Amino acid sequence: MKYQRPKGTTDIIPGESEKWQSVEQAARTLFKRYRYHEIRTPIFESFEVFSRTSGETSDIVTKEMYDFYDKGERHITLRPEGTAGVVRAYVENKLYGPEIQKPFKTFYMGPMFRYERPQAGRLREFHQIGVEAFGVDNPTLDVEVMAMAVELLHSLGLKDLKLALNTLGDNESRTRYRQALIAYLEPLTAQLSADSQERLHKNPLRVLDSKDQQDQEIVAKSPRILDYLTPEAQAHFEGVKELLTALEIPFEVDTSMVRGLDYYNHTIFELMSNSKAFGGKWTTVCAGGRYNGLVEQLGGPETPGIGFGLGVERLLLILEAEGIQLPLNNELDVYVVGIGAATNVETLKLVQSLRTAGFNAERDYLKRKPKGQFKAASRLGAHFTLTLGEEELAQKEVNLKEMESGKEIKVPLGAVYTKFAELIKQLRA
Ligand code: ATP
Ligand code: MG
């Protein structure tokens, strides 16, 4: 019997996982500076949390949900995205309460599940890092969220990104635009893909998001939402553009951009890369927008909100393709070399004491000859070796060597236990 991981999933094994930790650490550090605090919500939720919010004609609800009935006949789904669960938690935990600072700013990271056709950067289990900010409708918050996404990707070394921006307006703008769009698309019905024909009346904006080529050609000539904005929606969008300009964040308005989820309104944005990771084709790494109304939809009080989700697999693919190295934080400080069976206990005590004192330390477990142990030390990239032979042990001494410089000194065994950092200084002096 041969077991394989399910299609569309990956094992993130040591060597890879350090890259993940590096990205996650960068995100945590950055979010802290912007005052976003972590939230951890369940990986499965009631099916309705997503079906009621993502939109009944969205890809997610129609094709991609990992849903099932549990043993208590509850309709459950593995979360396909982060926002709806966070909003559910926001409402359930009354995080809109008067004693809570507005905006309420939070972030998450973790696995999401969508039944999709797996390909590069498209998996069935994938991971997102996302933020959500509730309770403020001001464009400054929209811009803060975008600036944070841009800074995160910049800080990881990604420079050639495009920030695509659009607005979906408010309800009134959308109702007017919807009518115009239906009027334009109706005569072209026969030329649309089956999906788009289905969506034309239920949710015509969805057609703008079609990946079908002929649909895209039709969409290219469709009316633009910008011509249907109410004065308020227009003012919000102008505010966002002005503030992005003030922060010197370049952006491109893309009037045909919509999002894969129905709950968005006003500002929507995507950070895109044309890296060779995706054959030079513009691909979205990070996407988000405003979702005023979503909190009410899940039973909370009227509360505006905005956020983004960033796909970690896609990000790592781009970094890899662009040859960008992440700091991996897997350095080995010391390798303890023991020569002769009699040193076994002392080398174990040494390595244990070094670890307790905060050093990354390793030793031999296979009774290898000194040559083999030194080889291991250099293969692991140890900065220092501590070598203990039977003679040294008798004299309560040990040899400390810096691998890079080749410098070495004999140091008292006891000092390794009490002041290893000082011994290093001594060696380097
Ligand atoms: P697409 O149009 O590529 O299907 P989407 O609109 O469904 O994307 P969002 O729901 O906005 O994507 O998710 C935000 C980000 O999460 C995407 O930009 C991408 O980086 C990542 N993402 C979404 N779906 C997947 C997936 N199946 N596998 C890997 N990453 C994904
Ligand atoms: Mg999708």
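Quick caveat, the model's predicted, so the values are computed rather than measured. (Residues numbered from 1 in each chain as written. Chains lettered and ligands numbered in written order. Predicted model: local features only at pLDDT ≥ 70, side-chain atom pairs only at ≥ 80, totals over all residues. Heavy atoms only, no water.)

S.K.: Whenever I open this one, the overall build of the protein chain confuses me. Can you help?
M.R.: When helices and strands are tallied, the protein chain shows 17 helices and 16 strands. Principal axes of the C-alpha set define a box for the protein chain whose edges measure 95 × 55 × 45 Å. Taking all contacts inside the protein chain whose residues are at least 6 apart in sequence as the whole, residues at least 24 apart take part in 69%. If you sum the accessible surface of the protein chain, you get close to 22000 Å²; carbon and sulfur atoms cover 51% of it. (Helix = DSSP H or I, 4+ residues; strand = E, 2+ residues; numbered from the N terminus. Contact = heavy atoms within 4.5 Å. Areas by Shrake-Rupley, 256 points an atom, 1.4 Å probe, with all protein chains shown as cover.)

S.K.: Looking at this model, I keep getting lost on the domain arrangement of the protein chain. Mind explaining?
M.R.: One frequent convention defines the size of an interface as the accessible area lost when the parts assemble. Along its sequence, the protein chain is carved into domain 1 (17-170 + 230-321) and domain 2 (334-428). Computed over C-alpha atoms only, the centres of domain 1 and domain 2 are separated by 49 Å. (Domains from an automatic or database assignment.)

S.K.: Which parts of the structure should I look at to understand helix 14 (residues 370-379)?
M.R.: Note that an α-helix has 3.6 residues per turn; residues three or four places apart therefore point the same way. When we look at burial in helix 14, the residues that qualify are Q373, A376 and A377. Buried residues of helix 14 fall within an arc of 100° about the axis and therefore sit on the same side. Turned more than 90 degrees away from the buried face of helix 14 sit K371, K375 and R379, all of them exposed. Lining the buried residues of helix 14 we find strand 12 (334-338) and strand 14 (384-388). In the stretch just after helix 14, G381 is the one whose phi turns positive, near 75°. (Buried < 20%, exposed > 50% of the residue type's maximum accessible area, 1.4 Å probe, protein only. Arc of directions from axis to C-beta.)

S.K.: Would you mind going over the pattern of salt bridges with me for this structure?
M.R.: When charged atoms on two side chains of opposite charge get close, those side chains can pair. Applying the stated criterion across every chain, the model contains 28 salt bridges. The salt bridge partner of D11 is R5, with a shortest N-O separation of 3.1 Å. Of the residues examined, R5 reaches a relative accessible area of 49% and is grouped as partly exposed. Between D142 and R290 there is a salt bridge, with its nearest N and O atoms 2.8 Å apart. (Salt bridge = Lys/Arg side-chain N within 4 Å of Asp/Glu carboxyl O.)

S.K.: Just checking my understanding: could you explain the UniProt feature "domain: Aminoacyl-transfer RNA synthetases class-II family profile" (unreviewed entry) in the protein chain for this structure?
M.R.: The positions UniProt marks with the feature "domain: Aminoacyl-transfer RNA synthetases class-II family profile" (unreviewed entry) are residues 20-327. As annotated, residues 20-327 comprises 39% helix and 21% strand, and the C-alpha atoms at either end are separated by 11 Å. (UniProt positions renumbered as here; feature names shortened; annotations may be inferred.)

S.K.: I would appreciate a short explanation of the packing of helix 6 (residues 171-185) against helix 7 (residues 194-202) in the present structure.
M.R.: Describing two packed helices takes the angle between their axes plus the distance from one axis to the other. Where helix 6 meets helix 7, the axes come as close as 10 Å, and the angle between the chain directions of the two elements is 140°. Classified by the angle their axes make, helix 6 and helix 7 are oblique. Like other packed secondary-structure pairs, helix 6 and helix 7 cross with a definite hand, here left-handed. Within the contact between the two elements, helix 6 uses R178, I182 and L185 and helix 7 uses L200, H201 and K202. Of the residues in the contact of helix 6 with helix 7, the class split is three nonpolar, one polar and two charged. (Axes fitted to C-alpha atoms, helices over the stretch in contact; angles between N-to-C directions. Parallel < 35°, antiparallel > 145°, perpendicular 65-115°, else oblique. Left-handed = near helix turned anticlockwise from the far one by under 90°. Nonpolar A, V, L, I, M, F, W, Y, C, P; charged D, E, K, R; others polar.)

S.K.: Sorry, what's going on with the site of ligand 1 here?
M.R.: Around ligand 1, 16 residues are found, and the nearest of them are R114, E116, R122, L123 and R259. With respect to ligand 1, the backbone of T284 contributes an N or O atom lying 3.3 Å from an oxygen atom. G311 places a polar main-chain atom, nitrogen or oxygen, 3.4 Å from an oxygen atom of ligand 1. Computed on the free molecule, ligand 1 has an accessible area of 590 Å², of which 90% lies beneath the protein chains in the complex. Looking at the shell around ligand 1, the elements with two or more residues in it are strand 6 (125-134), strand 10 (283-290) and strand 11 (305-311). Broken down by element, the residue count for the shell around ligand 1 peaks at four residues, all from strand 10. Class assignment for the residues of the shell around ligand 1 results in five nonpolar, five polar and six charged. (Near = heavy atom within 4 Å. Polar contact = N/O pair within 3.5 Å; in protein donor to acceptor, adjacent residues only side chain to side chain.)

S.K.: Help me out: how do you make sense of the sheet that holds strand 12 in this one?
M.R.: Hydrogen bonds along the backbone pair up the strands of a sheet, which may run parallel or antiparallel. Reading across from one edge, 13-12-14-15-16 is the order of the five strands in this open sheet, with mixed pairing throughout. The open sheet has two edge strands, strand 13 (361-363) and strand 16 (408-412), and neither has a second partner. Adjacent strand axes in the sheet meet at a mean angle of 25°, parallel and antiparallel pairs treated alike. One ladder, built from four bridges, connects strand 14 with strand 15 (residues 397-402); its direction is antiparallel. The residue bridging L386 from the neighbouring strand is L400, located in strand 15. Helix 13 (residues 344-356) rests against strand 12, strand 13 and strand 14 of the sheet, and its axis sits at about 165° to strand 13. Here helix 17 (residues 420-428) sits on the sheet in contact with strand 12, strand 14, strand 15 and strand 16, set at roughly 60° to strand 15. (Pairing = 2+ DSSP bridges.)

S.K.: In this structure, what is going on with the pairing of strand 16? I would like to understand it.
M.R.: Where a strand is regular, its side chains alternate between the two sheet faces. Inspection of the sheet shows strand 15 paired to strand 16 by five bridges, in the antiparallel sense. Bridged to N399 within strand 16 is K410. Between strand 15 and strand 16, which pair antiparallel and follow one another directly, the connecting turn spans five residues, one of which, G406, has a positive phi of 80°.

S.K.: Explain the sheet that holds strand 3 (residues 66-69) here, please?
M.R.: What the three strands build is an open sheet, ordered 2-4-3; its pairing is antiparallel. The open sheet has two edge strands, strand 2 (44-46) and strand 3, and neither has a second partner. The mean angle between the axes of side-by-side strands here comes to 30°, regardless of whether they run parallel or antiparallel. Here helix 2 (residues 47-54) sits on the sheet in contact with strand 2, strand 3 and strand 4 (75-78), set at roughly 70° to strand 2.

S.K.: Hey, could you run me through the environment of L229 in this one?
M.R.: The residue L229 is located in the loop between helix 9 (213-220) and helix 10 (231-246) in this model. When its relative accessible area of 10% is taken as the criterion, L229 is described as buried. Along the sequence, L229 and E172 sit 57 residues apart, while their C-alpha atoms lie 8.0 Å from each other. Aside from chain neighbours lying at most four places away, what touches L229 is T167, G169, S173, R176 and Q234.

S.K.: For this particular structure, what's the right way to read the side chain of S173?
M.R.: With respect to the secondary-structure elements, S173 resides in helix 6. Apart from the residues within four sequence positions on either side, S173 is in contact with I225, Y228, L229, T230 and A233.

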